[in-house]
2 protein chains.
Amino acid sequence: MVHQISPSPRVRRSPYYEATIADGVVSFSPYNHMLMPTGYGDPMAEYDRLLNGVAMWDVAVERQVEVAGPDAAKLTQALCPRKIADMPVGMGWYVPICDHRGTIINDPILLKLAEDRYWFSIADSDLLLWARAVAGERGYVVNIFEPDVSPLAVQGPKAEDVVASIFGEWVRALKLFEFREVDLRGMPLMLARSGWSKQGGFELYLMDGKRGVELWDIVRDAGAAYDIGPGCPNGMERVESGLLSWGGDTDDETNPFEVRMGRFVDLDCADDVIGIEALRRIKEEGPRRRQLGVKLLMEGRMGPTDRRSEIRRDGELIGMVTAHAWSPRLETNIGLCLVNRDLNPGDVAEVFLPDGGKCEGEFCKLPFL
Amino acid sequence: MVHQISPSPRVRRSPYYEATIADGVVSFSPYNHMLMPTGYGDPMAEYDRLLNGVAMWDVAVERQVEVAGPDAAKLTQALCPRKIADMPVGMGWYVPICDHRGTIINDPILLKLAEDRYWFSIADSDLLLWARAVAGERGYVVNIFEPDVSPLAVQGPKAEDVVASIFGEWVRALKLFEFREVDLRGMPLMLARSGWSKQGGFELYLMDGKRGVELWDIVRDAGAAYDIGPGCPNGMERVESGLLSWGGDTDDETNPFEVRMGRFVDLDCADDVIGIEALRRIKEEGPRRRQLGVKLLMEGRMGPTDRRSEIRRDGELIGMVTAHAWSPRLETNIGLCLVNRDLNPGDVAEVFLPDGGKCEGEFCKLPFL
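Residues numbered from 1 in each chain as written. Chains lettered and ligands numbered in written order. Predicted model: local features only at pLDDT ≥ 70, side-chain atom pairs only at ≥ 80, totals over all residues. Heavy atoms only, no water.

## Brief notes about the overall build of chain A
For chain A, the count of helices and strands is eight helices and 22 strands. Looking at chain A residue by residue over its 369 residues, the buried ones come to 60%. In chain A, of all internal contacts separated by at least 6 residues, the share reaching a separation of at least 24 is 66%. Total accessible area computed for chain A in this model is approximately 14100 Å², and 48% of it derives from carbon and sulfur atoms. Charge-centre separation for chain A: the mean point of 42 positive side chains lies 2 Å from the mean point of 57 negative side chains. (Helix = DSSP H or I, 4+ residues; strand = E, 2+ residues; numbered from the N terminus. Buried < 20%, exposed > 50% of the residue type's maximum accessible area, 1.4 Å probe, protein only. Contact = heavy atoms within 4.5 Å. Areas by Shrake-Rupley, 256 points an atom, 1.4 Å probe, with all protein chains shown as cover. Lys, Arg positive; Asp, Glu negative; His and termini not counted. Charge placed at Lys NZ, Arg CZ, Asp CG, Glu CD.)

If you want it as structure tokens, here you go:
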């Protein structure tokens, strides 16, 4: 079901807003007290553009939490159960932020700008509050704030050509999650090879909220030769690719080991890293659940939904489908699931769909593609 | 501008959702990772119903953060710069929650359920994370979680009659913010005299998310004799009444003294209450800004907007209008402002409106009415 959203000063406007309106955005999703464009009226064309061409996304909702000052490294390490001592300046890392119970409260990309300066490029929860609480309680000397930074993503196999045509051939050498500060006609930017798809691309972290439309137009003009068009984090592609949506695919008890993030946890972190003791215990006992893919053996194509589907075996609730999507490449409906750990790829169980129907679900490893 | 919102599992559904759809809701606003109904198609009728009759609101977005266990009182006090020792069980208090800088990060109603059990009925920020961070860092033995609680508000001069017809005449004796646990046809509820309007009323804190539509229908049926109708926290009434919208009327530097919440701060709280030292300093130095009302000397009626208006005197930026509304009772456009402390009621300054126009603004004390 699609609804209207009314304007409120609580919900901040993206610097790219007017540009996305001009380009025909039809829907949004709330995220970090802002609105993220979620469609421009032709989902299959947007999917195709991401898979085979190049798309540009207003992802200003990926807010940054900046941690700067004498104790910045100390605080950043305290927040991350991954050893950041060896992280080089100019690199980003995917990190699970956990609470003291080992539960994931956000899954940002952490960017190291300097030895004493970091950005958490966050998912949809108020990590700013969390970071400030910890710093305040520990008495760390550090400045924590949301800087004027608004990412614009350029995604798809032709993204590199577009970005190279704007910034130069050097961008082709950037490694995944590597970034560099650049100046574009006086606009300060961080340019990173990153983005919430598996189709490759870049994120332009604009550091001047007044110049969003100008940046949008530059990218659109440069991309015209490659048939660029507007898009958004793509529900179909991200389920196919097994990308995690924090808050959607997680609940209030999800730890990193349940959702394939164990490799981003270093259990030998210092004891004052938040959640590390809980994570060691969970690892030893074995997580209770796991994340798998599911193919839904049903007719028709599922659209986006805010509902989860229950998964049952012999009547017993054994998990939930947290995200549903039609897969154009697999030509079937698929989903991401959180299920009991004893469920295995190849197993079959009953899925109770949001519309009241049910079907068989066949489980598989992630990603699908 | 009004936009469509697309469904996402990150954005949770209210237990009253189907009922509000059936009653013709036309728009929503994101709040605490949920959607709050913001209109049913006839703003003036909804305003009139609130002022002169009775309205029912889906305010399930007012999530509860429950703090329970041996150290519950200790944690709750640490989070509140207001002495809670004398707070009786069965009462709610309005409290500013501040960070270590004395900045307001939420302005909940705090409900005391028992000596070792509290609910923070929160505004639109992740107070759950804040509370857990503090408890985790201090090693408090306490359970912090979001319980299955979804308020339904009944507001307006006839609200008491409606609520008495459902629960009995005793409800008329409830004091402001007093609450009591009740059972309605097997539905567990907390019934409180409260609500985000100045027209009087109650909030029914439903403690079973499966029974939202049932409760909605009971209230609607009981209210039929009083011409009840659906509504929502009302932008016009709340600006007239000077009710604060956290995140809308506040920014990342707003302290309680700036927004008329000084009377909810006890400066002689213990030193381990978060923010108390900063609040003492701010009080001594005097806050930098103050909240006033403004009458906009312009033609036409302003509708809801996500924009703030700049306020300038002799060209210098001296504040911002954080909320605009047409006032049916004053028959003029009005607003809430955060302005430099040297601006006084009766002063006049230039207001630069969201649509690009400008007008004179005449400042006044709050509330307007």
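## Description of the interface of chain A and chain B
In this complex, chain A contributes 51 residues to the contact, which on the side of chain B involves 51 residues. With both chains or domains summed, chain A and chain B bury close to 5000 Å², and 54% of this area falls on carbon and sulfur atoms. For the pair chain A and chain B, the interface holds eight salt bridges. Measuring nitrogen to oxygen at the nearest pair gives 2.7 Å for the salt bridge that ties B:Arg13 to A:Asp306. Of all the elements, helix H4 (residues 127–138) of chain A adds the most residues to the side of chain A that touches chain B, at eight residues. Classifying every residue of the side of chain A that touches chain B by side-chain character gives 22 nonpolar, 16 polar and 13 charged. Two elements, strand E2 (residues 27–31) of chain A and strand E1 (residues 3–5) of chain B, share two bridges in a ladder whose sense is parallel. Bridging across to E1(B), A:Phe28 finds its partner in B:Ile5. (Buried area = accessible area lost by both parts, 1.4 Å probe. Salt bridge = Lys/Arg side-chain N within 4 Å of Asp/Glu carboxyl O. Nonpolar A, V, L, I, M, F, W, Y, C, P; charged D, E, K, R; others polar. Pairing = 2+ DSSP bridges.)

## A word on the packing of helix H3 (residues 72–79) of chain A against H4(A)
For any two helices packed against each other, one specifies the inter-axial angle together with the distance between the axes. Residue and element names in this part refer to chain A. Between H3 and H4, the least distance of the axes is 10 Å, while the angle of their chain directions is 120 degrees. When the interaxial angle is binned, H3 and H4 end up oblique. Note that H3 runs across H4; the crossing there is right-handed. Where H3 abuts H4, its residues Leu 75, Ala 78 and Leu 79 lie against Trp 130, Ala 131, Val 134, Ala 135 and Arg 138. In the contact of H3 with H4, the residues fall into seven nonpolar, no polar and one charged. (Axes fitted to C-alpha atoms, helices over the stretch in contact; angles between N-to-C directions. Parallel < 35°, antiparallel > 145°, perpendicular 65-115°, else oblique. Left-handed = near helix turned anticlockwise from the far one by under 90°.)

## Focus on the sheet that holds strand E19 (residues 316–327) of chain B
Read once around its circumference, the closed barrel built from six strands follows the order E17-E20-E19-E18-E21-E22 (chain B), with strand pairing classed as antiparallel. Each adjacent strand pair in this sheet contributes to an overall mean axis angle of 40 degrees, direction not counted.

## Notes on the nonpolar core
Formed by 127 residues in total, the largest nonpolar core has its most connected members in A:Leu204, A:Leu215, B:Val154, B:Phe167, B:Leu204 and B:Leu215. It is helix H5 (residues 159–167) of chain B that provides the largest number of residues to this core, a total of six residues. Apart from residues no more than four positions distant in its own chain, B:Phe167 is found in contact with B:Val182, B:Leu184, B:Leu189, B:Leu191 and B:Leu204. A:Leu79, A:Leu128, B:Ile84 and B:Trp93 belong to the second largest nonpolar core, which has 55 residues in total. (Core = buried A, V, L, I, M, F, W, Y, C linked by side-chain atoms within 4.5 Å.)

## A word on the sheet that holds E1(B)
Read across the sheet, six strands follow the order E3(A)-E2(A)-E1(B)-E1(A)-E2(B)-E3(B) without closing on themselves; strand pairing throughout is mixed. One side of each edge strand has no neighbouring strand; the edge strands of this open sheet are strand E3 (34–39) of chain A together with strand E3 (34–39) of chain B. Shown here is a sheet whose adjacent strand axes are inclined to one another by a mean of 50 degrees, direction ignored. Across five bridges, the pairing between strand E2 (residues 27–31) of chain B and E3(B) is antiparallel. Directly across from B:Ser27, in E3(B), lies its bridge partner B:Gly39.

## Some remarks on the pattern of salt bridges
Side-chain pairing between opposite charges can occur once the charged atoms of the two side chains come close. All names here are of chain A. Applying the stated criterion across every chain yields a total of 62 salt bridges over all chains. Two residues, Arg 193 and Glu 160, come together in a salt bridge whose shortest N-O distance is 2.9 Å. Placement of the pair is Arg 193 in the loop between strand E14 (187–192) and strand E15 (201–206) and Glu 160 in helix H5 (residues 159–167), with a sequence separation of 33 residues. Assessed through its relative accessible area of 15%, Arg 193 is described here as buried. For Glu 160, a relative accessible area of 23% puts it in the partly exposed group.

## Remarks on the packing of aromatic side chains
A full pass over the atoms with the stated rule returns eight aromatic pairs over all chains. With 5.2 Å between their ring centres and 75 degrees between their planes, B:Tyr94 and B:Phe264 make a pair best called edge-to-face. Of this pair, B:Tyr94 sits in strand E6 (residues 92–94) while B:Phe264 sits in the loop between helix H7 (235–241) and helix H8 (276–285), and the two are 170 residues apart along the sequence. Between B:Trp119 and B:Tyr205, the ring centres sit 5.9 Å apart and the planes meet at 35 degrees, which makes this aromatic pair tilted. Of the two residues, B:Trp119 sits in strand E10 (residues 117–121) while B:Tyr205 sits in strand E15 (residues 201–206), which places them 86 residues apart along the sequence. Sitting over the ring of A:Trp93, A:Arg82 keeps its end group 4.1 Å from the ring centre. (Phe/Tyr/Trp six-rings, centres within 6.5 Å; stacked < 30°, edge-to-face > 60°. Lys NZ or Arg CZ within 6 Å of the ring centre and 35° of its normal.)

## Examining the confidence of the model for chain A
A residue-level look at chain A finds 99% of positions with pLDDT of 70 or above and a mean pLDDT of 97. Across the whole predicted complex the pTM is 0.97, and at the interface the ipTM reaches 0.97. (pLDDT = per-residue confidence, 0-100.)

## Side note on the relation of the copies chain A and chain B
Expressed as a screw transformation, the operator carrying chain A onto chain B has a rotation angle of 180 degrees and an axial translation of 0.0 Å, and the superposed copies differ by an RMSD of 0.0 Å. What we have between these two chains is a two-fold relation. Rotation axis and chain A: the residue whose C-alpha lies nearest the axis is A:Gln4, separated from it by 2.1 Å. A shared interface surface links the copies, since 100% of the contact residues of chain A are contact residues in chain B too. (Least-squares fit on C-alpha atoms with pLDDT ≥ 70 in both.)

## Overview of the pairing of E15(B)
Residue and element names in this part refer to chain B. Burial of E15 is extensive: six of the six residues sit out of reach of the surface. Here E15 shows no split at all, with Gly 201, Glu 203 and Tyr 205 on one side and Phe 202, Leu 204 and Leu 206 on the other all buried. Of the pairings in the sheet, the one linking strand E12 (residues 150–155) to E15 comprises six bridges and is antiparallel in character. Paired with Ala 153 across the strands is Glu 203, a residue of E15.

## As for the environment of B:Val348
With respect to the element layout, B:Val348 can be found in strand E21 (residues 348–352). Setting aside chain neighbours within four positions, we find B:Val348 in contact with B:Arg313, B:Glu360, B:Gly361, B:Glu362 and B:Phe363.

## Regarding the environment of A:Lys358
Residue and element names in this part refer to chain A. Of note, Lys 358 is situated in strand E22 (residues 358–364). Considering only alpha carbons, one finds Lys 358 and Asp 48, 310 residues apart in sequence, at a separation of 30 Å. Contacts of Lys 358, omitting those with residues within four sequence positions, involve Glu 350, Val 351, Phe 352 and Leu 353. A distance of 3.0 Å separates polar atoms of two side chains, one belonging to Lys 358 and the other to Glu 350. (Polar contact = N/O pair within 3.5 Å; in protein donor to acceptor, adjacent residues only side chain to side chain.)

## Side note on the state of the cysteines
Across all of its chains, the model carries zero disulfides over all chains by this definition. Here A:Cys80 is not disulfide-linked; the sulfur of A:Cys269 is the nearest cysteine sulfur, at 8.6 Å. Using a relative accessible area of 0% as the deciding quantity, one classes A:Cys80 as buried. There is no disulfide at B:Cys359, and the cysteine sulfur nearest it, in B:Cys337, is 11 Å away. Of the residues examined, B:Cys359 reaches a relative accessible area of 8% and is grouped as buried. (Disulfide = S-S within 2.5 Å.)

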